[in-house]
Amino acid sequence: MSDRKTGTPCPPSPEVPPVCVIKEPLVRITKRGTVTRKQKLLVYVTGFVLALLLGALLLLIIGKNPVNAYLNMVTGSFGTKTSSAETFRLAVPLLIAGIAIAFAFKMKFWNIGGEGQILAGAILSSHVVIAAIHAGAAIGTAPLHLLMISAAIAGGALFGFLPAFFKTKWGTNETLFTLMLNYIAIEYINNLKQLKSWQPPRTTFPKIINFKDALGQIVLPKVFGVHIGWIFALTLALAAFLYLKKTKHGYEIAVIGDSLNTARYAGMNTRWIQIRTLLISGALCGLAGYFQIAGADYTLTETTAGGVGFTAITVAWLSKLNPFIMIPVSVFIAMLKKGSLAIQSTMKIPASAADLLTGIILFFMLGCELFLEYRLVFRHSQTKIEEMLEEVSA
Amino acid sequence: MNTLVSLLNAAVLAGTPLLLATCGEILTEKSGSLNLGVEGMMYMGAIAGLAGAWYVEQWFGHGGLLAAVFAFVFAFLCGALGGLIYAILTVSLRANQNVTGLTLAIFGTGFGKFFGEVLGHKAGGYVTVNAETKAMYGRINFGKLSEIPVLGTLFFKYNWLVYFALAVAILLGWFLNRTRKGLSLRAVGESPGTADSAGISVTRYRYLAALGGGGLCGLGGMYMSMVDQKGIWVHDCISGYGWLAIALVIFATWNPLRAIYCSIIFGGLSVMYMYVPISGLPLPIYRMFPYIATIIVLIITSMMQIKEHAQPAGTGLNYFREER
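Residues numbered from 1 in each chain as written. Chains lettered and ligands numbered in written order. Predicted model: local features only at pLDDT ≥ 70, side-chain atom pairs only at ≥ 80, totals over all residues. Heavy atoms only, no water.

A. Main features of the overall build of chain A. On a plain count of helices and strands, chain A comes out with 17 helices and four strands. Expected size for 394 residues packed as a compact globule is a radius of gyration near 21 Å; at 28 Å, chain A overshoots this value by more than 25%. Referenced to the eigenvectors of the C-alpha coordinate spread, the extents of chain A come out at roughly 105 × 60 × 40 Å. Every one of the 394 residues in chain A was classed for burial, and the buried ones make up 48%. If you take every contact in chain A between residues at least 6 apart in sequence, the share linking residues at least 24 apart comes to 77%. By element, 66% of the accessible surface of chain A is carried by carbon and sulfur atoms, the whole surface being about 19500 Å². (Helix = DSSP H or I, 4+ residues; strand = E, 2+ residues; numbered from the N terminus. Rg over C-alpha atoms; globule rule 2.2 N^0.38 Å. Buried < 20%, exposed > 50% of the residue type's maximum accessible area, 1.4 Å probe, protein only. Contact = heavy atoms within 4.5 Å. Areas by Shrake-Rupley, 256 points an atom, 1.4 Å probe, with all protein chains shown as cover.)

Following this line, the structure appears as structure tokens:
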């Protein structure tokens, strides 16, 4: 000890062998064995609460009362019958697109072109409507909707097929491919707005005609105040769950997601499976576009998809790609959207708060996954180590 | 000839934010992190830059150089904040790189739009910087040099950020290929396990690369809000440029020097409709060009398998020392 104080190097002592102390790192990460349901819930709830707290902090910074803001969001989205109906109406495309994206994400196929696929479905559906309007509505309601649905499926599926085809053929980057298709769809709609045959009669303003005024047949019936798309979405959740969990197709998707090479080795036609799944994924997004046209907007604009394609990624990932969990999650995200519109008008908080909050929540959910698989081991204090050593020697 | 020269001039101006963001993403990807959140980080930089300049004007009563300096610093820091979030999640908390990047894109877009509106409320309507600050992003006065026919327009009619972006690209190329630290960074990206056993801290390099890369993306965003939109907050000011930048990284085969001409080509494609009208072609269809070109480039590079030779082998994978 005295040597260290004076600063001279420690001479080799013949009696006491030099003990080398290796400092443990402050925090170590080790794998957990099993995780109970309770632990899982605890971790997720903690993450969620932390996310809300961070959101509250942001609101405080811009000088708003976060408690009021959160309360207003809840009452704004579920306070009245109309606002609840509106919230559920927002949840419908989120759920459908979330399921669609889960199909692709399960294969680690990063389809972020949900936006474009929704628009592609909506565009082709609108083509049918416009053709029907010009034909003088000489078509029954059921055939009209069947045609619209087929068109929507075709449009979405095409936008799913293209990236899948090139990805499986040459390994073309699907993330960017699907994303570029979004912008192409948007510009295509901008072009449609300029066309005389798509505009309301006697105007030159670049805007597409309101389908409801021109052709009342396209309006979907409502059940409990929300267009029947919600029944389809719930049925889809059940069907998708069964498809992914109980069928051969679902199994193939899971294997490809885990390891493409394993799937190849097992003799699966991986190329066809990927293309098939993306056809389904795109077609479902296209259907979401159809429901937007026929159930909600009754017209086509470049914001028909309105960010649903991106938000659906959040829905899918927050639900761990499980279609059932997506039902409450999509309603929750819809609540954030509707609620943020409410606080925009009542508290002058920008509606983009919804995107910000969803982003923060997802960040925390992504971050807390570490604590499910691993556990942190902090450095034991020196006295504790000595105690442990004594125990061992005794 | 005149059209061509002015098109090239506009292409360089439009390609500069792409070049900054592409350099940032190259730096990040060379360390083995595939950060898809460029669009988000650009939004963060765009609003931070504008907010920085605006606040300086409010505090000191006049804008100009000080406002431009603050805008620059704020944009870099805010973009780096995006990179930091990404690094914490993927390097320390081991989250999936793809999903984290996508979330960053969503978050950053929301961040930009949210604070853009907040700032708008504060400014009473909409945010705009004063003429003094705007002048900082105008053309540099080269005197007689810019009057040289053709060459003057091609080389001496830009704002200072254009030359800054060029310098960044050249410096980054030199750093990655000619310095010891650059070599270590590339080693971390190619094979983190090997780098780790050679005593290079994978964590530190990935963090620093994500921070620096995010900062550069933030500067790209600042360019779009301060130069392209002339210091006025526009809700869709980035409009997909972040995603184009990620595609440009592939197009430029992870080489910052090649990114220079690639960004000029893409800048040209995105402004071509204003300079070379094609009769009979509707404008919206014309505006699809850069996106269609991106798809074609992606397909061609994948067909020629350029990607497999150029992409750092460790990109997209998190590194856990214990799981070797």
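Having put the structure on the table, let's press on.
B. Inspection of the side chain of S83(A) at higher detail. Along the polypeptide, S83(A) turns up in helix α4 (residues 81-106). Taking relative accessible area as the criterion, S83(A) reaches 9% and is therefore assigned buried.

C. Seen up close, the interface of chain B and chain A. With 50 residues of chain B at the interface, the matching set in chain A holds 47 residues. In this assembly, chain B packs against chain A so that about 4200 Å² is buried in total across both faces, 78% of it on carbon and sulfur atoms. Counting the surface chain B buries against chain A, the share from its top three residues, I106(B), F114(B) and W243(B), is 15%. The interface formed by chain B and chain A includes one salt bridge. Measuring nitrogen to oxygen at the nearest pair gives 3.3 Å for the salt bridge that ties E187(A) to R287(B). If you list the elements that add at least two residues to the side of chain B that touches chain A, you get α3 (65-92), α4 (97-123), α11 (241-251), α13 (283-287) and α14 (289-303) of chain B. Ranked by the residues each element gives to the side of chain B that touches chain A, the list is headed by α4(B), at 16 residues. Among the residues forming the side of chain B that touches chain A, the class breakdown is 30 nonpolar, 12 polar and eight charged. (Buried area = accessible area lost by both parts, 1.4 Å probe. Salt bridge = Lys/Arg side-chain N within 4 Å of Asp/Glu carboxyl O. Nonpolar A, V, L, I, M, F, W, Y, C, P; charged D, E, K, R; others polar.)

D. Region of the structure containing the packing of helix α9 (residues 229-246) of chain A against helix α12 (residues 270-297) of chain A. All names here are of chain A. The contact between α9 and α12 brings their axes to 11 Å, and the two run at 165 degrees. Viewed along their axes, α9 and α12 adopt a mutual orientation that is roughly antiparallel. Note on packing geometry: the crossing formed by α9 with α12 is left-handed. Listed contacts from α12 to G229, F232, L236 and Y243 of α9 are R276, I280, L284, L287 and F291. (Axes fitted to C-alpha atoms, helices over the stretch in contact; angles between N-to-C directions. Parallel < 35°, antiparallel > 145°, perpendicular 65-115°, else oblique. Left-handed = near helix turned anticlockwise from the far one by under 90°.)

E. A look at the pattern of salt bridges. All names here are of chain A. Summed over all chains, the structure comprises nine salt bridges over all chains. Note that K320 and E369 form a salt bridge whose closest N and O atoms lie 3.1 Å from each other. Highlighted residues: K320 in the loop between α13 (308-318) and α14 (323-347) and E369 in the loop between α15 (353-368) and α16 (370-373), separated in sequence by 49 residues. The class for K320 is partly exposed, based on a relative accessible area of 45%. Taking the relative accessible area as the measure of exposure, E369 reaches 24% and is therefore partly exposed.

F. Structural view of the confidence of the model for chain A. Per-chain confidence: chain A averages 84 in pLDDT, with 92% of residues scoring 70 or above. Here helix α1 (residues 2-6) of chain A is the element of chain A with the lowest mean pLDDT, 48, and α12(A) is the one with the highest, 91. (pLDDT = per-residue confidence, 0-100.)

G. Structural detail: the side chain of R276(A). Residue and element names in this part refer to chain A. As for its position among the elements, R276 is in helix α12. Taking the relative accessible area as the measure of exposure, R276 reaches 11% and is therefore buried. With near-sequence residues (within four places) excluded, R276 lies in contact with Y243, H249 and E252.

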